[in-house]
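# Secondary and tertiary structure notes
Here is what each chain is made of, one letter per residue.
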Number of protein chains: 2
Amino acid sequence: MNDNSDATTGSYRLDDQVGFILRRANQRHLALFARDIPDLTPTQFAALAKLCELGQASQNALGRATAMDAATIKGVIDRLRKRGLVAARRDADDARRVHLSPTKQGQQLYEALLPRAREISKETLAPLAQQEATLFLQLLEKLAGD
Amino acid sequence: MNDNSDATTGSYRLDDQVGFILRRANQRHLALFARDIPDLTPTQFAALAKLCELGQASQNALGRATAMDAATIKGVIDRLRKRGLVAARRDADDARRVHLSPTKQGQQLYEALLPRAREISKETLAPLAQQEATLFLQLLEKLAGD
DNA sequence: CAGGAATTGTTCGTGTACTAACAGAAGTTG
DNA sequence: CAACTTCTGTTAGTACACGAACAATTCCTG
């Protein structure tokens with residue numbers, strides 16, 4: 001009974017808490033990404049990748065598709081635009097919207113980076129056996145919600 | 001054979017990549033934390049908790065124990081000191097070191113927040129069944145490394 | 001003991017991330 | 001149609017997070 005599994009009783013060790021380990025796992029992934037794709041941050045790559053998948057999107061819509069709020073996606077897109085990877089123009093139908101699309105250069109960079117991006121996902125999961133990795137992804141997906 | 005499981009072939013969907021889902025899971029946890037413990041960030045709580053666990057530590061040592069680099073832990077400790085939760089003094093034996101310890105107020109706050117911290121961990125894992133959660137933590141730990 | 005190497009903490013610059021407040025445009029409803 | 005509401009993007013402020021460069025101190029080794 002006294003096995004510390006209750007949420008309101010027993011010892012609390014920081015090192016055993018989901019949030020803390022989640023943060024460390026994320027750190028490890030970010031480090032792998034920075035090593036293999038130094039010229040683009042994971043966030044920037046995510047925005048570019050999703051925009052290439054969709055072909056086009058409004059700024060906030062792209063933010064929602066990549067789990068970034070309006071303030072965050074703005075900075076990310078600003079930097080991608082400055083590097084000529086993303087093109088932006090005012091939407092004709094809705095004067096509020098910023099219509100985004102990847103430039104040819106952005107599209108090419110995305111495709112050129114794909115092998116490395118796949119490799120990063122593989123390396124991140126490398127500590128797990130094949131079956132463990134599959135199971136882990138299923139559980140992680142549940143944890144992420146939505 | 002063509003099941004897209006190879007790291008260098010097949011389709012690439014952002015939404016299926018570990019890094020992306022890891023980031024979303026982390027976001028969900030951060031949101032739960034901010035809701036239940038609005039007066040302290042997860043990082044600040046981690047530093048305070050670990051310092052209370054250890055009783056004392058040098059600044060960089062605490063950073064290592066909480067997976068924060070020297071530049072990051074400095075800002076975190078500065079803010080905790082400003083709020084009177086952590087006391088700092090120059091180490092007598094090593095003039096480089098900053099000797100840190102929780103103040104009485106910091107210790108009390110930590111203990112007062114423990115039930116909520118436990119609850120947050122529980123809520124974060126809530127989408128998983130008991131057995132799934134245990135397994136998940138084991139796999140996540142492997143992924144975090146070290 | 002002297003001189004190079006490693007450690008500790010600091011600062012700077014860049015890039016997420018989120019809240020809050022805002023302006024303008026579009027949609028909805030009485 | 002006019003008021004209300006929602007949605008879009010922007011800005012300002014705070015807080016991680018990390019690389020790089022730096023000074024002071026300590027350690028180590030010849």
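Use the structure listed above.
Scope of this entry: the structure provided in the associated data block. Everything quoted here is computed from the prediction, not taken from an experiment. (Residues numbered from 1 in each chain as written. Chains lettered and ligands numbered in written order. Predicted model: local features only at pLDDT ≥ 70, side-chain atom pairs only at ≥ 80, totals over all residues. Heavy atoms only, no water.)

## A few points about the overall build of chain A
Note the following rule: What counts as a helix is a DSSP run of H or I of at least four residues, what counts as a strand is a run of E of at least two, and both are numbered from the N terminus. The globule rule used for comparison is 2.2 Å times the number of residues to the exponent 0.38, while the radius of gyration itself is calculated over C-alpha atoms. Categorising residues by exposure relies on relative accessible area from a 1.4 Å probe, with only protein chains included: less than 20% of the type maximum marks a residue as buried, more than 50% marks it as exposed, and the intermediate range marks it as partly exposed.
Helix and strand content of chain A: 6 helices and 3 strands. In chain A, the succession of helices and strands from N to C terminus is α-α-β-α-α-β-β-α-α. In terms of overall dimensions, chain A is more spread out than a globule: its C-alpha atoms have a radius of gyration of 19 Å, far above the 15 Å expected for 146 residues. Its C-alpha atoms give chain A principal-axis dimensions of roughly 65 × 35 × 25 Å. Across the 146 residues that make up chain A, the buried fraction comes to 47%.

## Regarding the relation of the copies chain B and chain A
Note: a rotation about an axis with an accompanying shift along it relates these two copies of the chain. The cut-off we apply is this: The copies are overlaid by a least-squares fit using only the C-alpha atoms of residues whose pLDDT is at least 70 in both copies. Contact criterion: two residues are considered in contact whenever any of their non-hydrogen atoms come within 4.5 Å of each other.
Mapping chain B onto chain A calls for a rotation angle of 180 degrees and an axial translation of 0.0 Å; the resulting RMSD is 0.0 Å. Classification of the inter-copy transformation places it as that of a two-fold axis. Considering only C-alpha atoms, the residue of chain B closest to the rotation axis is F136(B), which sits at 3.2 Å. The share of interface residues of chain B whose copies in chain A are also at the interface is 100%, consistent with both copies meeting through the same surface.

## Considering the pairing of strand 3 (residues 98–102) of chain A
All names here are of chain A. As a reminder, the rule being used: Strand pairing is defined by DSSP finding a minimum of two bridges between the two strands.
Counting buried residues along strand 3, 5 of its 5 residues qualify, which places the element largely inside the surrounding structure. Residue alternation in strand 3 divides its side chains into two sets, V98, L100 and P102 and H99 and S101, and both sets are buried. In the sheet, strand 2 (residues 86–90) pairs with strand 3 via 5 bridges, with the strands oriented antiparallel. Bridge pairing in strand 3 links A87 to S101.

## Overview of helix 5 (residues 104–124) of chain B
So the rule is basically this: Multiply 1.5 Å by the residue count of a helix minus one, and that product is the helix's expected span. The angle between axes fitted to the seven-residue stretch ending at a residue and the seven-residue stretch beginning at it gives the bend at that residue.
Taking 1.5 Å of rise per residue, 21 residues should cover 30 Å, and helix 5 of chain B covers 30 Å from first to last C-alpha, within 8% of that figure. Along helix 5 of chain B, the largest kink reaches about 45 degrees and is centred on L114(B); proline P115(B) follows within four residues of it. Residues of helix 5 of chain B that are buried make contact with helix 1 (18–36) and helix 6 (130–144) of chain A together with helix 1 (18–36) and helix 2 (42–54) of chain B.

## Comments concerning the protein's contact with DNA strand D
To keep it simple, the criterion reads: Here a residue is considered near a molecule or strand provided that any single heavy atom belonging to it is located within 4 Å of it. In protein, a polar contact requires one atom able to donate a hydrogen and another able to accept it; more generally it is a pair of N or O atoms within 3.5 Å, and residues adjacent in sequence count only if both atoms are side-chain atoms.
Neighbouring DNA strand D are 24 residues, the closest being N60(A), R96(A), V98(A), T41(B) and R79(B). Atoms of DNA strand D within 4 Å of the protein: sugar and phosphate make up 76%, bases the balance. Taking V98(A), its main chain carries an N or O atom lying 2.7 Å from a phosphate oxygen of DNA strand D. When contributions to the surface near DNA strand D are tallied by element, the ones reaching two or more residues are helix 1, helix 3 (59–65) and helix 4 (70–82) of chain A together with helix 2 and helix 4 (70–82) of chain B.

## Focus on the side chain of T66(A)
Relative to the helices and strands, T66(A) is located in the loop between helix 3 and helix 4. The exposure class of T66(A) is buried, given its relative accessible area of 0%. Of note is the side chain of T66(A), whose polar atom sits 2.7 Å from the backbone oxygen of L62(A). With residues up to four places along the chain from it excluded, the contact list for T66(A) reads A46(A), A47(A), K50(A), I73(A), L14(B), F20(B) and R23(B).

## Quick word on the protein's contact with DNA strand C
As a reminder, the rule being used: Nonpolar residues are Ala, Val, Leu, Ile, Met, Phe, Trp, Tyr, Cys and Pro. Charged residues are Asp, Glu, Lys and Arg, and all others, Gly as well, are polar.
Around DNA strand C lies a shell of 24 residues, among which T41(A), Q59(B), N60(B), R96(B) and V98(B) are the nearest. Here a phosphate oxygen of DNA strand C sits 2.9 Å away from a polar atom, N or O, in the side chain of R79(A). At 2.8 Å, a side-chain N or O of Q59(B) approaches a phosphate oxygen of DNA strand C. Put simply, the parts of the chain that give the surface near DNA strand C at least two residues each are helix 2 (42–54) and helix 4 of chain A together with helix 1, helix 3 (59–65) and helix 4 of chain B. Take the surface near DNA strand C: its biggest share by element is 4 residues, from helix 4 of chain A. Looking at side-chain class alone, the surface near DNA strand C contains 6 nonpolar, 8 polar and 10 charged residues.

## Here we look at the interface of chain B and chain A
For the record, the criterion: Summed over both partners, the accessible surface that disappears when two parts come together, traced with a 1.4 Å probe, is what is meant by buried area. Salt bridges are identified by distance alone: a Lys or Arg side-chain nitrogen within 4 Å of an Asp or Glu carboxyl oxygen.
Counting from both sides, the interface comprises 55 residues of chain B and, opposite them, 55 residues of chain A. If you sort the residues of chain B by the area they bury against chain A, Y12(B), R118(B) and L143(B) come out on top, with a joint share of 14%. Between K50(A) and D15(B) there is a salt bridge, and its shortest N-O distance comes to 2.5 Å. In this structure, the connection of chain B to chain A is made through 20 residue pairs in polar contact (both at pLDDT 80 or more). Elements with a contribution of two residues or more to the side of chain B that touches chain A: helix 1, helix 2, helix 5 and helix 6 (130–144) of chain B. Sorting elements by how many residues they give to the side of chain B that touches chain A places helix 1 of chain B first, with 12 residues.

Shape descriptors only; they carry no functional weight alone.
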